[in-house]
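# A structural walkthrough
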Amino acid sequence: MGTHKTIKKFIPVNLYDVPGMESWLCDMAEKGLYLKKFGKAFAYFEKEEPQHIRYRLEPVGKGDIVPSDEVLEYFQLSGWDYVTNINRLFYIYMAKDNGVEEIHTDPVAQSYTFEILNHKLRNSTIVATAASLLAIGMILSIYLLNKQPVFLMVESQFVNHCIFFLLEVFIIIRGINDARNINKLLKQLKAGVPIIHKRNYKKGRILGISGYSLLLLAAVIIILLPFVQIRKGWNENLEEVRVQLPVIRLEDLEEAEGFKYYSEITYNGKSYDNHVFYDWNPVAPVKYRITQSGIVENMKWADNSGVYKPSLTIEYYKLSIPILAEPLMEDLIDRYIDPYENMTMEELHADGIGRGMLFTRNEMQCLFACQDNDVIYLRYHGYGSLKAKINEIAEILN
Amino acid sequence: MPKKALEYLTEAMFYILMSFLKREMCGIEIAEFVEKRTKGRVSIGPGTLYTILAKFEEEELIKETRVEGRKRTYCITEKGIELYKEEIQRLKSCLVDAEREGM
């Protein structure tokens, strides 16, 4: 006997679809592919002469992964050869002779073989559903219990959380569906109705392939997304950046003579108080944080607390979902405005600004604005006026 | 898993229980007995045979008497005989009812 080549095939049928699995294996044999082994997602066949072969699935009883010798021998005498098991769920037998008696001739007796499987599946579905609901609850609680859920969405692994959420929902639906199918089959057998071994499994095939493809895609996204984010992000000293930035220059806000940019925090040639940080994520594909800091050496703060050193920090978000713009602005206000600071609040109106808010207290000004899918937040410490730059801010947002 | 008692005997179960009345039996002998007794009208698939034997053993209707190599032999218990008699009574009642009703 020559060595047969092993051929690997994706399993297109749900493992708990007993007639569907039997039909698929029969069809494979008619193409000359004889089942040898079952994996998690693939089955392994050997190529031989095409033949009509009946395959039957028998639920594994109380834990033996191979039937007892007595059973194997008697099945063989009756024309049924043991092939393999499917993930310790089912034994698979095959009969080459069409005249061989069916493995089961009494549906009620056959129903007993499904009782243990039905019980195990029901319990595992309950446990898996509870675990998945817990995981869903944990994912939801990240956002629902947070005071700034939209800010968290643009700053955290929101897409990964969404994928995890959908996976958990998929696990629940799939588990319940499998448990229902086996329970239905059990009830059918108990009622004395035999299993019809021929079933069109091809309808579920596209669904199965799509399901696995989506799972694979989800896994790839979950793994790759953090790397893509790291790769797309960059930071650079402000004066070295050549791309167009959503920025109001600190020098344009300052009217004092002798203003110059000044950095106190420098490391490895980078000036972190005159710096641009760029980040990317699917919810906010453009995200800038721009810091600016300056000094007027011949000028002091009004309270004589030292040399006048104005600063301006800008956070800019271009969102992929425009509906999130206003909630994000609300979250930024909640995040950066301390209600105990008693800042003066003013609503700003200008062409090109959907909503604008200015908070001021002494020399501190915080301006929030949004338009369509753009959101900007400016925090200025100095004697200039952010309000006077409202048209420039509108231009940034448009 | 809680044990669930047999709700009723199917034809295959009835004949398998009958096969133990006169002597101890192993799987292959039971199948031959049923085949012979029913003149081939009732045939028992290998899966059905071993499922019923396992169920009967679990319900204590039969018990294992000896194991020789791969062959396991069983005999009927008192409980099995009782159930068999009850089933005969039920079948007799069915026949009486049918005869009373006529054609």
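Residues numbered from 1 in each chain as written. Chains lettered and ligands numbered in written order. Predicted model: local features only at pLDDT ≥ 70, side-chain atom pairs only at ≥ 80, totals over all residues. Heavy atoms only, no water.

## As for the sheet that holds strand S5 (residues 81–86) of chain A
All names here are of chain A. The condition is simple: When DSSP locates at least two bridges between a pair of strands, those strands are taken to pair. Think of it this way: any DSSP run of H or I at least four residues long counts as a helix, any run of E at least two long counts as a strand, and we number them from the N terminus. Note on method: axes are straight lines fitted to C-alpha atoms, helices fitted across the in-contact stretch only, with angles between N-to-C directions ranging 0 to 180 degrees.
In space, the three strands of this open sheet follow the order S4-S6-S5, with antiparallel pairing throughout. Of all strands in the sheet, those bounded by a partner on one side alone are strand S4 (54–59) and S5. Across the sheet, the mean angle separating the axes of adjacent strands is 30° when strand polarity is ignored. In this sheet, strand S6 (residues 90–95) lies alongside S4 in antiparallel orientation, the contact comprising six bridges. Residue pairing across strands places Arg56 opposite Tyr93, the latter belonging to S6.

## What about the packing of aromatic side chains?
Residues and elements named next belong to chain A. Convention followed: Two aromatic rings, drawn from Phe, Tyr or Trp (for Trp, its six-membered ring), form a pair once their centres lie within 6.5 Å of each other, and the interplanar angle then sorts them: stacked below 30 degrees, edge-to-face above 60, tilted otherwise. Buried means the residue's accessible area, taken with a 1.4 Å probe over protein chains only, is under 20% of the maximum for its type, while exposed means over 50%, and partly exposed covers the values in between.
This structure, assessed with the given rule, holds 20 aromatic pairs over all chains. With centroids separated by 4.4 Å and ring planes inclined at 10°, the aromatic side chains of Tyr336 and Tyr377 adopt a geometry described as stacked. One end of the pair, Tyr336, is in helix H8 (residues 325–336); the other, Tyr377, is in strand S18 (residues 374–381), with 41 residues separating them in the sequence. The class for Tyr377 is buried, based on a relative accessible area of 2%. Seen from their ring centres, Phe368 and Tyr377 are 4.7 Å apart, and the 15° between their planes marks the pair as stacked. Taken as a pair, Phe368 and Tyr377 share a single burial class, namely buried. Site record: aromatic cluster; members linked through ring pairs are Phe75, Tyr82, Tyr91 and Tyr93.

## Side note on unusual backbone geometry
Trans peptide bonds make up the majority, and among non-glycine residues the majority have a negative phi. All names here are of chain A. In this model, Asn304 sits at a positive phi of 60°, which is unusual for a non-glycine residue. You can see Asn304 is positioned in the loop between strand S12 (286–300) and strand S13 (307–308). According to the relative accessible area criterion, Asn304 is exposed, its value standing at 60%. The backbone of Asn342 sits at a positive phi, close to 50°, despite the residue not being glycine. Note that Asn342 resides in the loop between H8 and strand S15 (344–348). By relative accessible area, Asn342 is classed as exposed at 62%.

## Regarding the pattern of salt bridges
Residue and element names in this part refer to chain B. Heads up, the condition is: Salt bridges are counted wherever a side-chain nitrogen of Lys or Arg sits within 4 Å of a carboxyl oxygen of Asp or Glu.
Evaluated as defined, the whole model comprises 28 salt bridges over all chains. The closest approach of N and O atoms between Glu68 and Arg66, which form a salt bridge, is 2.4 Å. The class for Glu68 is partly exposed, based on a relative accessible area of 41%.

## Looking at helix H2 (residues 69–77) of chain A
Note the following rule: Arc, as used here, means the arc of the directions from the helix axis to the C-beta atoms. Whether two residues touch is decided by their heavy atoms; if any such pair falls within 4.5 Å, the residues are in contact.
Residues of H2(A) that are buried include every one of Glu70(A), Val71(A), Tyr74(A) and Phe75(A), and no others. For H2(A), the angular spread of buried residues about the axis comes to 125°, placing them on one side. Among the exposed residues of H2(A), those pointing more than 90 degrees away from its buried face are Gln76(A) and Leu77(A). Check the buried side of H2(A) and you find it contacts S6 of chain A together with helix H2 (27–37), helix H3 (46–58) and strand S3 (71–76) of chain B. A positive backbone phi angle near 100° is found at Gly79(A), which sits one or two residues after H2(A).

## What to know about the packing of helix H1 (residues 11–19) of chain B against H3(B)
Residues and elements named next belong to chain B. Rules: Here is the rule for angles: anything less than 35 degrees is roughly parallel, anything more than 145 is roughly antiparallel, 65 through 115 is roughly perpendicular, and the remaining ranges are oblique. Note on convention: the crossing is left-handed when the near helix lies turned anticlockwise from the far helix by less than a right angle, right-handed when the turn is clockwise. Charged residues are taken to be Asp, Glu, Lys and Arg, nonpolar residues to be Ala, Val, Leu, Ile, Met, Phe, Trp, Tyr, Cys and Pro, and polar residues to be all remaining types, Gly included.
At their nearest, the axes of H1 and H3 sit 11 Å apart, and the two run at 70° to each other. One way to sum up the angle between H1 and H3 is to call them roughly perpendicular. Crossing handedness for the pair H1 and H3: right-handed. Note on element contacts: H3 touches H1 through Thr48, Leu49, Ile52, Leu53 and Phe56, opposite Ala12, Met13, Ile16 and Leu17. In the contact of H1 with H3, the residues fall into eight nonpolar, one polar and no charged.

## Focus: the sheet that holds strand S2 (residues 33–38) of chain A
Residues and elements named next belong to chain A. Reading across the sheet, the three strands line up as S1-S3-S2 and stay open at both edges, with antiparallel pairing between neighbours. The open sheet has two edge strands with one neighbour each: strand S1 (6–10) and S2. Taking each pair of neighbouring strands and ignoring which way they run, the sheet shows an average axis angle of 40°. Of the strand pairs in this sheet, S2 and strand S3 (residues 42–47) are connected by five bridges, and their pairing is antiparallel. The residue bridging Lys37 from the neighbouring strand is Tyr44, located in S3.

## Points about the environment of Ile7(A)
Relative to the assigned elements, Ile7(A) resides in strand S1. Put simply, Ile7(A) and Ala43(A) are 36 residues apart on the chain and 8.3 Å apart in space, counted from C-alpha to C-alpha.

Purely spatial values, then, with no claim about function.
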